[in-house]
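Chains, contacts and geometry: an overview
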Amino acid sequence: SDYSQEPPRHPSLIVNAKEPFNAEPPRSALILSYVTPVDMFYKRNHGPIPIVDDIESYHVDVSGLIGSPAKLYMRDIRRLPKYNVTATLQCAGNRRTAMSKVRTVRGVGWDISAIGNAVWGGAKLADVLELVGVPKLSNVTQSGGKHVEFVSIDKCKEEKGGPYKASIPLSQATNPEADVLLAYEMNGESLNRDHGYPLRVVVPGVIGARSVKWLDSINIIAEPCQGFFMAKDYKMFPPTVNWDNINWDTRRPQMDFPVQCAICSLEDVIVTAPGKVRVCGYAASGGGRGIERIDISIDGGKTWFEASRYQKPEIPYVADDISSDKWAWVLFEATVDVPGNTEIVAKAVDIAGNVQPENVETIWNLRGILNTSWHRVQVRVGH
Ligand code: MTE
Ligand code: MO
């Protein structure tokens, strides 16, 4: 593979793997703004960043179980109504490093910043599919299509040199309220190469792995995509499953992400004088389930109080209304008084009442995905 033409990146990103390039911002930088700046947004790749230099001839082929195949050029996609959707993208591997401390897991290590919140601009996939003859709110096409597969331009070793791919159900793809986008803008600017130029899928509320970058083609298919990242990766296994007894077919590809939160204003272990400490972070839940509240403890989880939260600042380049913010994270804040050595904990509750699990041990899995355990910070008080 050729990594000689990678785009420039912000020097303060923490690089977890160089080739393919995988990097996240320092946790303290992640919460400086509600909308994550593009250069500070985590980058998760499985191969070299493709180069699309002829935007005139660039197009998406739509085929499979539809009436007739179609070719969509950028001008066709830009002609459709444009939506700005504020959505948090989170890698299923976020917080993997902490899970690997329980027992070894396989995968790129991530601290707590494999997540970001952006305003994605583009056409709704439901409109795109309607344009090629698949009506809104379809569960199945006339020829039996039930899933929408996205195939990329990039090449990755897991696919034996083939492209990255993923699929979502047709019912989600054709539902305008699911806000699935073919996005050509990120935070009001043209998408950059790292994040999928010229066109990427954004599936709000779902693990990042399904938001295929550098879209090459769309296939309407009968069964979920059998690509590596759907069939042999990004599945959640119980703690008893190991590399000797794993049977990938027993589990569904992970789609929605569970309720999550993390403290970003403090490192895992802090040394401080007695007194006030600012506890700030993010909370998000998948499937369009917003955040109900964030609980903070300064005694390791014995007693709790509620953090204050905010979600809706003015976003200048979004004309009138953000069509919805149910896909977006909330940032939270609390100022606490630390009496002595202790553990600060944060846990979030989503609008369905789902709560984060107390311990990482109970959700340990061999791929190290979906570490959503209570986020803990050790406080050592010095004088
Ligand atoms: N799309 C392609 N074509 N290739 C990839 O490697 N990585 C996926 C997804 N889409 C990937 C991809 C994963 S695992 C995640 S978490 C998100 O993209 C990351 O998107 P970002 O790099 O824009 O943050
Ligand atoms: Mo990911």
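Keep in mind it's a predicted model, so treat the numbers as computed, not measured. All residue numbers refer to position in the chain's written sequence, counted from 1. Ligands are numbered from 1 and chains lettered from A, in the order in which they are written. Only residues with pLDDT of 70 or above have their local features reported here, since the model is predicted, and side-chain atom pairs are shown and tallied only from 80 upward, although totals for entire chains, interfaces and linings are computed over all residues.

1. Re the overall build of the protein chain
Note the following rule: Starting at the N terminus, helices and strands are each numbered in turn, a helix being any DSSP run of H or I of at least four residues and a strand any DSSP run of E of at least two. Only C-alpha atoms enter the radius of gyration, while the globule expectation follows 2.2 Å times N to the 0.38, with N the number of residues. For every residue, the other C-beta atoms within 10 Å of its own C-beta are counted; 20 or more classify it as buried, 12 or fewer as exposed, and values in between as partly exposed. C-beta atoms are placed from the backbone. The contact criterion used is a C-beta to C-beta distance within 7 Å, with each C-beta placed from the backbone.
A tally of regular secondary structure across the protein chain gives 6 helices and 22 strands. At 21 Å, the protein chain has a C-alpha radius of gyration in line with the 21 Å of a compact globule built from 383 residues. Along the three orthogonal principal directions, the C-alpha set of the protein chain runs to about 70 × 55 × 45 Å. Expressed as a percentage of its 383 residues, the buried residues of the protein chain come to 46%. Across the protein chain, contacts joining residues at least 24 apart in sequence account for 71% of those joining residues at least 6 apart.

2. Describing unusual backbone geometry
A cis amide bond, omega 0 degrees, links Glu19 with the succeeding residue Pro20. Tracing the sequence through the fold places Pro20 in the loop between strand S1 (14-17) and strand S2 (22-24). Pro198 follows Tyr197 through a cis peptide bond whose omega is 5 degrees. In this structure, Pro198 sits in the loop between strand S11 (189-190) and strand S12 (200-202). Non-glycine residue Tyr234 carries a positive phi angle of around 50 degrees.

3. Observations regarding the pairing of S1
The condition is simple: Any two strands between which DSSP finds at least two bridges are classified as paired.
In terms of strand pairing, S1 meets S2 through 3 bridges, oriented antiparallel. Paired with Val15 across the two strands is Ala23, which belongs to S2. Hairpin connection of S1 to S2: 4 residues between the antiparallel strands.

4. What to know about the site of ligand 1
Rule in force here: A molecule or strand has a residue near it when that residue's C-beta atom, placed from backbone coordinates, lies within 6 Å of it. The nonpolar class holds Ala, Val, Leu, Ile, Met, Phe, Trp, Tyr, Cys and Pro. Asp, Glu, Lys and Arg form the charged class, and all remaining residues, Gly among them, are polar.
Ligand 1 sits among 18 residues. The nearest are His46, Cys91, Ser152, Tyr164 and Gly208. Taken together, the residues of the shell around ligand 1 break down into 8 nonpolar, 6 polar and 4 charged.

5. Re the domain arrangement of the protein chain
Quick reminder of the rule: Segmentation into domains, and thus their bounds, comes from an automatic or database assignment.
For the protein chain, the assigned domains read domain 1 (14-250) and domain 2 (260-381). Elements that contribute at least two residues to the side of domain 1 that touches domain 2 include exactly helix H1 (27-30), strand S6 (82-90), helix H3 (96-100) and strand S7 (115-124). Split into classes, the residues belonging to the side of domain 1 that touches domain 2 amount to 24 nonpolar, 12 polar and 7 charged.

6. Observations regarding the nonpolar core
Nonpolar side chains tend toward joint burial in soluble globular proteins. Selection criterion: Put simply, a nonpolar core is buried Ala, Val, Leu, Ile, Met, Phe, Trp, Tyr and Cys residues tied into one set by C-beta atoms within 7 Å.
Of all hydrophobic cores here, the largest spans 100 residues; its most connected members are Leu182, Tyr282 and Ala283. Three or more residues apiece are contributed to this core by two domains, here domain 1 (14-250) and domain 2 (260-381). Among residues more than four places away in sequence, those in contact with Ala283 are Gln260, Cys261, Ile291, Ile294, Trp329, Val330, Phe332 and Ala348.

7. Points about the sheet that holds S2
The strand order across the open sheet built from 3 strands is S1-S2-S3, with neighbouring strands paired in antiparallel fashion. Unpaired on one side and paired on the other, S1 and strand S3 (43-44) mark the two borders of the sheet.

8. Section: the sheet that holds strand S19 (residues 308-310)
The condition is simple: Helix axes are fitted to C-alpha atoms over the stretch in contact, other axes to C-alpha atoms as well, and angles between N-to-C directions run from 0 to 180 degrees.
An order of S14-S16-S20-S19 is seen for the 4 strands of this open sheet, with the pairing classed as antiparallel. The open sheet is flanked by strand S14 (260-263) and S19, the only strands paired with a single partner. Strand-to-strand twist of the sheet, defined as the mean angle between neighbouring strand axes without regard to direction, takes the value 25 degrees. Direction of pairing for S19 relative to strand S20 (residues 330-338): antiparallel, over a ladder of 3 bridges. Across the sheet, the residue bridging to Arg309 is Phe332, located in S20.

9. Quick look at the confidence of the model for the protein chain
The predicted structure's coordinates, where accompanied by low pLDDT, should not be read in detail. Stated precisely, the cut-off is as follows: Per residue, pLDDT measures the predictor's confidence, with a range of 0 to 100.
Mean pLDDT over the protein chain works out to 95, with 96% of the residues at or above the 70 mark. Between residues 320-324, whose pLDDT stays under 50, and residues either more than four places distant or in other chains, the model counts 9 contacts.

10. Let's talk about the environment of Thr174
Position of Thr174 relative to the elements: it lies in the loop between helix H5 (170-173) and strand S10 (181-186). Between the C-alpha atoms of Thr174 and Glu130, which are 44 residues apart in sequence, the distance is 7.9 Å. Not counting chain neighbours up to four residues away, the residues in contact with Thr174 comprise Ala126, Leu129, Val134, Lys136, Leu137 and Ser138.

11. Examining the pairing of strand S22 (residues 375-381)
Summarising the sheet, strand S15 (residues 269-272) and S22 pair through 4 bridges and their orientation is parallel. By the bridge assignment for S22, Thr272 is matched with Val381. Pairing geometry for strand S21 (residues 342-350) and S22, over 5 bridges, is antiparallel. If you follow Ala346 over to S22, its bridge partner there is His375.

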